[in-house]
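Structure at a glance
One letter stands for each residue in the lines below.
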Amino acid sequence: MLNPHPASQLEYWFFKFNHQNVTLLVDWIARRRTGSGEVRISINSPTAKEVIFLDHAPILENGPPELSMQATSWYEGDVRWELTLETSSERIRPQIFPAEQLKVFDLSVVSAPRVSFNGWIEHRGNRYPIYQALGMVSHYWGRRLPKEWWWISANQFSDAGISVECSLIRSRIWGSPIGVPIGYFYYRRDSRSNLFISPPARITVTGSQDAFQVVVRSLLWRNIILEAKGREYADIGEGIVNTLNGDLQITEEGKMDAHAEATAGLERRDPHFGLSA
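It should be emphasised that the depicted structure is a prediction, and the values quoted were computed from it without experimental measurement.

Analysis parameters
- Residues numbered from 1 in each chain as written.
- Predicted model: local features only at pLDDT ≥ 70, side-chain atom pairs only at ≥ 80, totals over all residues.
- Heavy atoms only, no water.
- Helix = DSSP H or I, 4+ residues; strand = E, 2+ residues; numbered from the N terminus.
- Buried < 20%, exposed > 50% of the residue type's maximum accessible area, 1.4 Å probe, protein only.
- Contact = heavy atoms within 4.5 Å.
- Areas by Shrake-Rupley, 256 points an atom, 1.4 Å probe, with all protein chains shown as cover.
- Lys, Arg positive; Asp, Glu negative; His and termini not counted.
- Charge placed at Lys NZ, Arg CZ, Asp CG, Glu CD.
- pLDDT = per-residue confidence, 0-100.
- Pairing = 2+ DSSP bridges.
- Axes fitted to C-alpha atoms, helices over the stretch in contact; angles between N-to-C directions.
- Core = buried A, V, L, I, M, F, W, Y, C linked by side-chain atoms within 4.5 Å.
- Polar contact = N/O pair within 3.5 Å; in protein donor to acceptor, adjacent residues only side chain to side chain.

Moving on, we get to the overall build of the protein chain. Along the protein chain, the regular secondary structure elements total two helices and 18 strands. C-alpha extents for the protein chain along the principal axes are approximately 50 × 45 × 35 Å. For the protein chain, the proportion of its 277 residues judged to be buried stands at 55%. The long-range share in the protein chain, meaning contacts at least 24 apart out of those at least 6 apart in sequence, stands at 53%. Element-wise, carbon and sulfur atoms account for 52% of the exposed surface of the protein chain, whose accessible area totals about 12500 Å². Looking at the protein chain, you have 29 positive and 31 negative side-chain charges, and the mean spots of the two groups are 6 Å apart.

In low-pLDDT regions, the fine details of the predicted coordinates are not to be read closely. In this model, the protein chain carries an average pLDDT of 91, and 95% of its residues clear a pLDDT of 70 or more. Here helix H2 (residues 99-102) stands out as the element of the protein chain with the lowest mean pLDDT, 57, in contrast to strand S5 (residues 71-74), whose mean of 98 is the highest. Low confidence marks residues 273-277, where pLDDT is under 50. Its contacts with residues over four positions away, or in another chain, come to 12 contacts.

In spatial order, the strands read S4-S3-S2-S1-S8-S7-S6-S5; together these eight strands make up an open sheet with antiparallel pairing. What marks the edges here is a single partner per strand, and that holds for strand S4 (49-55) and S5. Ignoring strand direction, the axes of neighbouring strands in this sheet form an average angle of 20 degrees. Looking at chain direction, strand S1 (residues 10-19) and strand S8 (residues 126-142) are connected through eight bridges and run antiparallel. Across the sheet, the residue bridging to Trp13 is His139, located in S8.

Before going further, it helps to spend a moment on the nonpolar core. Ranked by internal contacts, the top residues of the largest apolar core, which has 30 residues, are Phe15, Leu24, Trp28, Trp81 and Phe117. Listed by contribution, the elements that provide at least two residues to this core are S1, strand S2 (22-31), strand S3 (36-44), helix H1 (59-62), strand S6 (79-87), strand S7 (107-123) and S8. Ranked by residue count, the leading element in this core is S2, at five residues.

Our next topic: the environment of Ser167. As for its placement among the helices and strands, Ser167 is situated in strand S10 (residues 162-172). Residue class for Ser167 comes out buried when judged on its relative accessible area of 12%. Taking the C-alpha atoms as reference points, Ser167 and Ser198, separated by 31 residues in sequence, lie 9.9 Å from one another. Residue contacts for Ser167: discarding those within four places in its chain leaves Trp150, Trp151, Ile182, Gly183 and Tyr184.

Let us now look at the side chain of Glu90. Looking at where Glu90 falls in the secondary structure, it is placed in the loop between S6 and H2. A polar atom in the side chain of Glu90 sits 3.0 Å from the side chain of Ser193. With residues up to four places along the chain from it excluded, the contact list for Glu90 reads Ser111, Ala112, Pro113, Arg114, Tyr186, Arg188 and Ser193.

This is the structure:
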């Protein structure tokens with residue numbers, strides 16, 4: 001899942017989780033067009049809330065040596081960690097045939113939506129133990145960042161056994177100025193899981209980063225509504241804002257199915273924020 005794609009101009013690997021009063025999102029970014037590698041660490045802990053950018057050239061050819069599907073560690077700077085990962089065999093790999101094979105869109109993605117983290121994080125000398133913190137690991141690669149996107153990821157709900165991952169993007173076609181909306185919605189409840197890919201499913205979003213609604217419509221399933229509220233967003237560059245402390249409510253056919261309070265990952269890239277990738 002984490003194998004690098006050296007022919008891709010852009011490649012990201014990342015993990016994220018919430019644990020009590022600590023949230024951590026780490027991105028390894030290979031920008032091969034400019035020959036630069038970077039680690040971006042977004043942390044919110046009782047110590048501080050900050051985003052740290054570090055040069056990291058080794059990822060350009062072989063990917064991040066500090067991340068595998070079994071463990072991740074980092075021992076430099078103000079934020080350090082040593083964590084083991086417990087993952088299921090389930091993967092999200094949204095593909096629209098034959099667009100994926102023809103490299104029509106900006107990016108390809110594969111995601112492990114249910115990962116348990118154990119170990120410790122150290123933030124400016126303060127160490128926090130991490131025990132069975134639920135989160136995810138993802139990897140995407142391609143031509144460039146899409147012009148615009150909305151992203152949701154949540155594993156900690158009022159009812160156990162629920163995981164959600166949703167992404168709606170406006171992608172260029174073969175790198176041209178023409179943009180088309182595509183997306184996916186993954187929903188797991190206990191032993192049941194569903195993946196809706198748009199198209200052919202219809203996934204729409206309205207609102208702002210502070211409060212937005214996603215509606216998922218499919219001929220094969222009931223309508224699902226996601227209502228998200230963001231707080232404590234961090235500007236992580238490239239026109240992207242992110243929080244791991246959002247609220248998320250899931251409604252199926254008019255009945256609330258689950259609620260996550262201050263544990264949902266929400267992200268927005270807006271073409272009017274910052275610079276294009």
